[in-house]
Structures are given as structure tokens and as C-alpha cells.
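Fold and geometry: a report
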Amino acid sequence: MSARGSAVSVVVVVVISFCGPLFAHAATYCLSQSRAVEARPCTSLDRAEAEYNRTYNATGWDTIVLTPAVNSSSSADPQDSNATSVVIDPSALHDIGYLEGFLTHDTIWAMYSNSVAFIGVPSDMAAWIDRHETYMINQSRITANSTASADSPPHFWEMVGALLQLIHGLHDGYNAAVTSTAGDAMPLNRSQLFWLSFQFELYDLEHLFPSDVGQQHQEGPQQQGHRGLPTPRVHPRRRQGGGEHCSGLIKVTSDDVFVSHATWDIYNVMLRQYKVYNLPQVGSVAMSGYPGVIHSMDGWYITQPQQLVVQETTNLIYNSSLFTDYLTTSSVSEFLRTMVANFLARDGATWVELMNYNNSGTENNQWMIVDMKRVNRTSNNSSSFRSDDTAASRSEESLLQALKRGASFDSVLEEPLDTDQRASPSVSAAGNNDDLSEILVRGTESMYLPNGTLTVYEQLPGPFSEWGDVTAELRRRTYWASYNTPYFPRVYALSGNLMMEREYGSYFSYHKYARAELFHRGQSGVTGLADMKRLMRYNNFQNDALSRIPNCSDATGQICNPPYSAMLSIASRGDLDPVASIETMGVLADINGSAYVGQQNLAAIDAKIASWQEVVRRRTDGGAPLDGWLVCGPTSTATAPNNGSAFAPFNWSTSPVSFQALPRLLLADVFDFDWQKLTVVRVASPGVFPAPAGTPAGCPRLCAVATAFIALSAIVVAAAIAIHYRRRKPQLDALPLISVINEPPAPAGR
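Residues numbered from 1 in each chain as written. Predicted model: local features only at pLDDT ≥ 70, side-chain atom pairs only at ≥ 80, totals over all residues. Heavy atoms only, no water.

We now examine the pattern of salt bridges. Inspection of the entire model under this criterion finds 20 salt bridges. Across the pair Arg272 and Asp606 runs a salt bridge whose closest N-O atoms are separated by 2.7 Å. With Arg272 in the loop between β8 (264-265) and β9 (273-279) and Asp606 in strand β20 (residues 606-611), the pair connects residues that are 334 residues apart, well separated along the chain. Both residues of the pair, Arg272 and Asp606, count as buried. The partner of Asp575 in a salt bridge is Arg573, and the shortest N-O contact between them spans 2.8 Å. This pair shows no difference in class: Asp575 is buried, exactly as Arg573 is. Among the charged side chains, a network of salt bridges with common partners joins Arg272, Asp298, Asp606 and Lys608. (Salt bridge = Lys/Arg side-chain N within 4 Å of Asp/Glu carboxyl O. Helix = DSSP H or I, 4+ residues; strand = E, 2+ residues; numbered from the N terminus. Buried < 20%, exposed > 50% of the residue type's maximum accessible area, 1.4 Å probe, protein only.)

Here is the structure:
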């Protein structure tokens, strides 16, 4: 295959740092022209490359980096707003999807069984999703190889079509592996692979299909004889915590900017991957993810070369009329718009433009886009503030001097966060410059945050989404916290949160909710990475006054028993609360079928941290890093020392009785994993893969012996890994780490 264009592309190398006996390096796999998956160095004759490291049992994370051949890509510049040519050939996405699906088929099956099959997809909902997917496929075909419609952002539909091909490639590769290797995994059709990425959007569709409660669920494994997975008729994620999903914190210190996130989700999805899609001439997106899911699902990303760190927490929507009035199949799924924006956006404003186009109104989040390339660090020097107005400059210098003295800085940190202090979206969205374009952050060195550093976008169904440049707020307070409650006043009111606060109290308040106050108190002690790790794993619910249940109405004697909840902290642990009722723990134990306190299948199941120093630094080879600190599993004393808590790591064997029936294929039994530094280096190269090399003259026998030795060593390592997996997790039918399998006929799609 001949390379198209002359643009320089990239190769991705993965290095994983942790203390463990195995898995020092990732294995390289290639997808050949005949669609054979082979463990060897890739060449320019191959379709795609994967660096795959099965380290879940040792670290809590598998890692996979996927790169298509450079000749599958266009030389178009995605940052050129006038460009109209195709950004990337959809076949390139199909190729990396095929390779991912083949290599990870056993974990994809486990993830599907633990999540989508557990949740269930009613028949009417499945038909709605089919129509929705058909609309997106048709729209992407209409705009393929032609000028996009005038109202769509450049390359939007091309990327949507390519991402749909990624899912189709997952389907083809997954089923090729399932039908040609031994194991418990069963075939999945294309709809089911789409549902795997769409699953967080399923529960918003419940508002359209109230009659589906009790109907036959159409998830594939049960129809194909899947053994014993429950299919509850009410969405488990809505029943637990009302659908709460994640804690987020952005913190500016004297020499860094940290972007951190803790996923709140059901325990049975703790099968984790650190995944990178590396698309030549487009960019790379790294994410905390899951097998078979083409987006993070946590909502935590690092992009290069754009140097954006993107994260979200889900805003809870209590106004169901927004769904019934505005959800339509003629829209683009939230997870697809997210990935389009991650690949194509150059800054916060263009990210929002891409994300907001053809809004589906499903999975409505508060998105935080941190543009790390705008941040700068320099010495304290008020002359660095530039202004054409001398009086304004003097005013800025006076404020800087006051901050240096520390006289007003502490009072700024401690002032209450009232609703009317939030930035005006109409002003901030317009990009209005503040009086102070940059501000000094406490310390001997200065962090400068120009406007556009932090953009926040809050999605609602219909035309009601809000966004703004809130950098001024980040400079003023030195942190931004996010905890499932809308920031913009109109979103807060329209979503029904204002109504819930008036009826049920401070649990639904933007500024008085437990996590709001915990973040406000805790962030002031963050001076470096160790502090950030500790805060994101914080839960001292039995001793912290901020973890006391705020509303005990309807409880016996108006007294909650116990008076605190493990859900009222930054890193929740739903297994540690007792089984609750309104009589024991008050009205928050059951509001319209949702439990906000009390024992439940919901926890902060991880934490992730990215930093400015990591994202923007340059190595001597010119590579741009995609690095993160990650930890898998709920918090505990062992994994979050010195935070006052005293409880053991989550253990399935000793978990509450109600947890024993949960599906947990391939999950670890004990979640005592430590933090991991995962490093992905993008190295500049003339092409994605080197040309196939012949045997060098003068050493044919030596090279042949060396090749045989390397192959034998790989087999020995693969065998050791397989033995390790089976000892740690006997139910795993491990994928052979060296596999040369020709593609069988593709199973019939939907």
C-alpha cells in the first residue's frame, strides 16, 4: 500500500511503571493485509498495530495503544477550519477496531456480561437505538467525500462515520476471535457492540419508554443462552445514587495544574483499560476506559498534540419533560460527539462547538476542558502583566502585591461559594477579558492562566445547554470542583436541581452539598501530587461532620441511624453503609426509587490525575506525552493512607449479601491496587511502521538464530503470563498472547 501524502506521522510506545514480577513491556501485534493477527514488529505492509499489555491482575489496568497504518489517513490538517477533505479513511478506524476486538475479545465479553447484559435493553428502546444509529450512518455517508453541510463543524460527520466504523471493526474482530478460539465468550452483533459504548445513555431513554418496565429485554447474551445473568427492569445506575457519576477537581498549585477525577459507578464494571487511539495526522486520545468501549465512559481524556485534558461529571436531571420533549433519533450520541471533539478540537471553544452540534440530550454532563498549552510558569514579576491602560496596570500591580502579602488570599479561599457568585454564562461565553488577564498563584513561582485555560460546558436536552470560559473563577479560587450538580444557574434551575433543593434540602445544593464543602476544605492543603492523590481517595465518613446525613425527615424520631453515610464523601463506598430505609436513614434513602444514602452498588471505583508538567513537557526526542496517574478500585485505608479512614479494601468474598449475585466475570477478588504511573510516548517517525526488512547480507544465519531466539522468548513469556492469569483468576480463558489466525467468515450482523 502506498503512503498518501508526505505528512510525518507517529509511532506509539508504551512504558508502564509499577512494582510487579511480570509485564515489563507491552507485546506488539500487527493486523496483516490478510487480516491475520500476528505478534511481531509491524511493517509498512500491515494495516494496524497494537501495543497490548495484560496487566490488570497486577496493576488494576490493562493497557492498549492502537495505531492504523499511515497510508489509511488523509494529509488534511484537522485544525484548518477551511479544510473540507476527509480527515481519515474510515477503513483505518475499522482496522484498529478489528485488532482491538480480536485481542481483547475475552475481556469485551466479560464487560458486556457485567454491564449491558446486567442492565438490559428493552425491545422498544433497542428499536429506538437502531433508528438513531441508522440516522448517523446515513448522515455520515451523505457527507463522505463531499463538502459538509454549512451548519456542521468541519470534519464532524467524517469523524462520526469513522468512529462508527471503529465499532464495526470491533464487532468483526471480536467475532473472528470468538469463533476461532476456545473460551466462554459468545458472538455479539453490531447493535450489542454499539450498546456497550452507548450504555450510559440508556437510562435517559427510560423517560421515553415507561411501558417497557416488565417487557422482554433484548440484550444478546440471554437470547443466546447466557447463563444466569439478572436483567433488572429498573436501570441499576439510576437506582443507585440517583445516577450520580463522578467527582472532579482541578487544582492550581505554585508550580503545577492538576486535573483529577474519580468515577462513581457500579462495582461490577471494575474491569479496566488505559486506552490510546493514535490517529496519524489527526491526533492521539488517551483515556481511562473499558474493554470494547470506544470512549472513556468515565469521562477522562488527554489529547495530543492539542494538549487538552478533558473530564466530566454527570449533572443529574430531575425535569423529565426535557427528555420527553427533546430526545430524538435524529441526533448524534453523546459518546460519539465526545470523541469527535477530542480528536478535532484545538481548544475549549472548538471542543464545545463540536460537542454541542446535533446534541442528543442523553448523558448530560458538566464538561471541563483544560487547555494546558495556555498555562505558563514564570518568576514573580508584575511587569509581565501587559496593558495599554496605565491605571489598569497599577491596579493589577496593587492586587498582585496584596496577594503576595497573603492578606486577602486566604479570605478569598475561605469565602462561601454562593450561587450568585457564579460567572455569568452570557459574559464568559463571549470570551470577555477580565480586569486581570493573569493572576499570581501562591508560592515562590507564578502560574499564569490566560483566558481560555478552563472552559466548562453543561449539556441539557434541547436548546438549553450553557458554556463559558471560567478561567477567572479558577484563578480567583485556585480550584474548580465538580460533583454532579450544575454550575450555571439556568441549567441548575431547568434540570430540576433547584426544585429538589427546595423540597429535600442541601443534598441538592450547589454550594452546601457534602462534596462541595469537602473539596472546598481539602483543596487548600494540596501542594503536590501526593496531596492530590490523598484528596481524591478521601472518605472518613464515620468521623467527618461533613459526611453526616443532612436530611433525616421521615426517619424514626427524625434521627438517622446511623447519622452518617459512606456516600457523602469524595470517594464513596456504597458497600460500607447498612441496608437503609426511610425509617432508618431518612428520606434520602428513597426518593422516587433512587437511594442517595444507604447500602448500594455504587462507589468511587478509581481515581485519575493528569498534570500540566506532564502534559506539556517535551522529551529530547520531541515526543509529546499522554501520561496519567491512575488507581483501580474503591478507596480504603491501604490505598489512601493518612486520611483518617479505617476500612479494608473491597473484597468480593466478604462483600454484602446483596453483592454476591452481581456478575463479575474476570474481575479481581480483592481491590488493593496501588497508584500506577502510565506513560505513553508519541515518537516522531517518517512513517507509522518501518518497511519490511530482508535478511541483511553477511549474517543470514546469525539473524535467523536471533529471530528464532526472540520468538522462543516471546512464547515463554506468553506462557508465564497465561499461568499467572490462571493462578490469580482461574475463570479466565486467557487470549493467547501469540496468535496467527486468518480471518474466518464474518458472522451475520444485525
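Right, let's get into the pairing of strand β2 (residues 27-31). Sheet topology places β2 next to strand β4 (residues 48-53); five bridges connect them, and they run antiparallel. Its bridge partner being in β4, Leu31 is matched across the sheet by Ala48. Bridge count for β2 against strand β3 (residues 37-39) is three bridges, and the pairing is antiparallel. Along β3, the bridge assignment pairs Leu31 with Val37. (Pairing = 2+ DSSP bridges.)

For the structure on display, the rule yields two disulfides. Note that Cys552 is cross-linked by a disulfide to Cys560, the S-S spacing being 2.0 Å. Its S-S torsion of approximately -125° makes the covalent link between Cys552 and Cys560 left-handed. Both residues of the pair, Cys552 and Cys560, belong to the buried class. In the protein, the bonded cysteines, numbered by position in the sequence, are linked as 1-2, 3-4. (Disulfide = S-S within 2.5 Å.)

For the rest of this paragraph, the subject is the packing of helix α6 (residues 156-178) against helix α7 (residues 190-205). Running from amino to carboxyl end, α6 crosses α7 at an angle of 120°, the nearest separation of the two axes being 9 Å. If you check the angle between α6 and α7, you find them oblique. When you trace α6 past α7, the crossing you get is right-handed. Judged by residue contacts, Leu164, Ile167, His168, Leu170, His171 and Asp172 of α6 engage Arg190, Leu193 and Phe194 from α7. (Axes fitted to C-alpha atoms, helices over the stretch in contact; angles between N-to-C directions. Parallel < 35°, antiparallel > 145°, perpendicular 65-115°, else oblique. Left-handed = near helix turned anticlockwise from the far one by under 90°. Contact = heavy atoms within 4.5 Å.)

For the rest of this paragraph, the subject is the side chain of Glu334. The topology assignment puts Glu334 in helix α11 (residues 334-344). Buried charge without a partner: Glu334 forms no salt bridge, and the closest opposite charge is Arg337, 6.1 Å away. If near-sequence neighbours (up to four positions away) are discounted, Glu334 is found in contact with Glu201, Met355, Ser360, Thr362, Glu363, Asn365, Trp367 and Gln459. (Lys, Arg positive; Asp, Glu negative; His and termini not counted.)

Once that is clear, we can look at the confidence of the model for the protein. Across the protein, the average pLDDT comes to 78, with 69% of residues at or above 70. When the criterion is pLDDT under 50, residues 1-24 qualifies, and its contacts beyond four places in sequence or with other chains add up to 63 contacts. The low-confidence segment residues 72-86 (pLDDT under 50) makes 40 contacts with residues lying over four places distant or belonging to another chain. (pLDDT = per-residue confidence, 0-100.)

Membership of the largest hydrophobic core comes to 192 residues, with the highest contact counts inside it found for Ile129, Phe194, Phe343 and Phe671. At 14 residues, α6 tops the list of elements feeding residues into this core. Apart from residues lying up to four places away in sequence, Phe194 is in contact with Ile129, His132, Glu133, Met136, Leu164, Ile167, Ser333, Phe335 and Leu336. (Core = buried A, V, L, I, M, F, W, Y, C linked by side-chain atoms within 4.5 Å.)

Turning to helix α2 (residues 90-103), a few remarks are in order. In this model α2 runs 20 Å from its N-terminal to its C-terminal C-alpha over 14 residues, within 8% of the 20 Å that 1.5 Å per residue would give. Of all 14 residues in α2, 12 are buried, a share of seventy percent or more. Those residues of α2 that sit buried are Ala92, Leu93, His94, Asp95, Ile96, Gly97, Tyr98, Leu99, Glu100, Gly101, Phe102 and Leu103. For α2, the N-terminal capping position is held by Asp89, with its side-chain oxygen 2.9 Å away from the main-chain nitrogen of Ser91. (Expected span 1.5 Å × (residues − 1). Polar contact = N/O pair within 3.5 Å; in protein donor to acceptor, adjacent residues only side chain to side chain.)

Take the packing of aromatic side chains next. In the structure shown here, the tally under the stated rule is 29 aromatic pairs. Taken together, a centroid distance of 5.0 Å and an interplanar angle of 75° make the contact between Tyr267 and Phe659 edge-to-face. Linking Tyr267 in the loop between β8 and β9 with Phe659 in the loop between β22 (628-632) and β23 (676-685), this pair joins segments that are 392 residues apart in sequence. For the pair formed by Tyr267 and Phe659, the shared burial category is buried. With a centroid separation of 6.2 Å and an interplanar angle of 55°, the aromatic rings of Tyr504 and Phe508 are classed as tilted. Accessibility expressed as a relative area gives 15% for Tyr504, which makes it buried. (Phe/Tyr/Trp six-rings, centres within 6.5 Å; stacked < 30°, edge-to-face > 60°.)

Remark: α2 packs on α6, axes separated minimally by 6 Å, with the N-to-C direction vectors making an angle of 35°. Along this stretch, α2 crosses α6, giving a crossing that reads as right-handed. Here α2 contributes Pro90, Leu93, His94, Ile96, Gly97, Tyr98, Glu100, Gly101 and Phe102 to the contact with α6, which in turn contributes Ala162, Gln165, Leu166, His168, Gly169, Leu170, Asp172, Gly173, Tyr174, Ala176 and Ala177. Grouping the amino acids of the contact of α2 with α6 by side-chain chemistry returns 11 nonpolar, seven polar and two charged. (Nonpolar A, V, L, I, M, F, W, Y, C, P; charged D, E, K, R; others polar.)

Glancing now at the sheet that holds strand β10 (residues 283-289). Within a sheet, each strand pairs with its neighbour through backbone hydrogen bonds, oriented either parallel or antiparallel. With respect to topology, 11 strands assemble into an open sheet ordered β3-β2-β4-β5-β9-β10-β11-β12-β13-β16-β17, the strand pairing being mixed. Strand pairing shows two members of the sheet lacking a second neighbour, β3 and β17 (466-469), which therefore form its edges. Strand-to-strand twist of the sheet, defined as the mean angle between neighbouring strand axes without regard to direction, takes the value 15°. With five bridges connecting them, strand β5 (residues 62-68) and β9 associate as parallel partners. When the sheet's bridge partners are listed, Leu66 is paired in β9 with Tyr277. In the packing of helix α12 (residues 348-356) onto the sheet, contacts are made with β12 (308-314), β13 (365-371), β16 (454-458) and β17, and the angle to β16 comes to roughly 15°.

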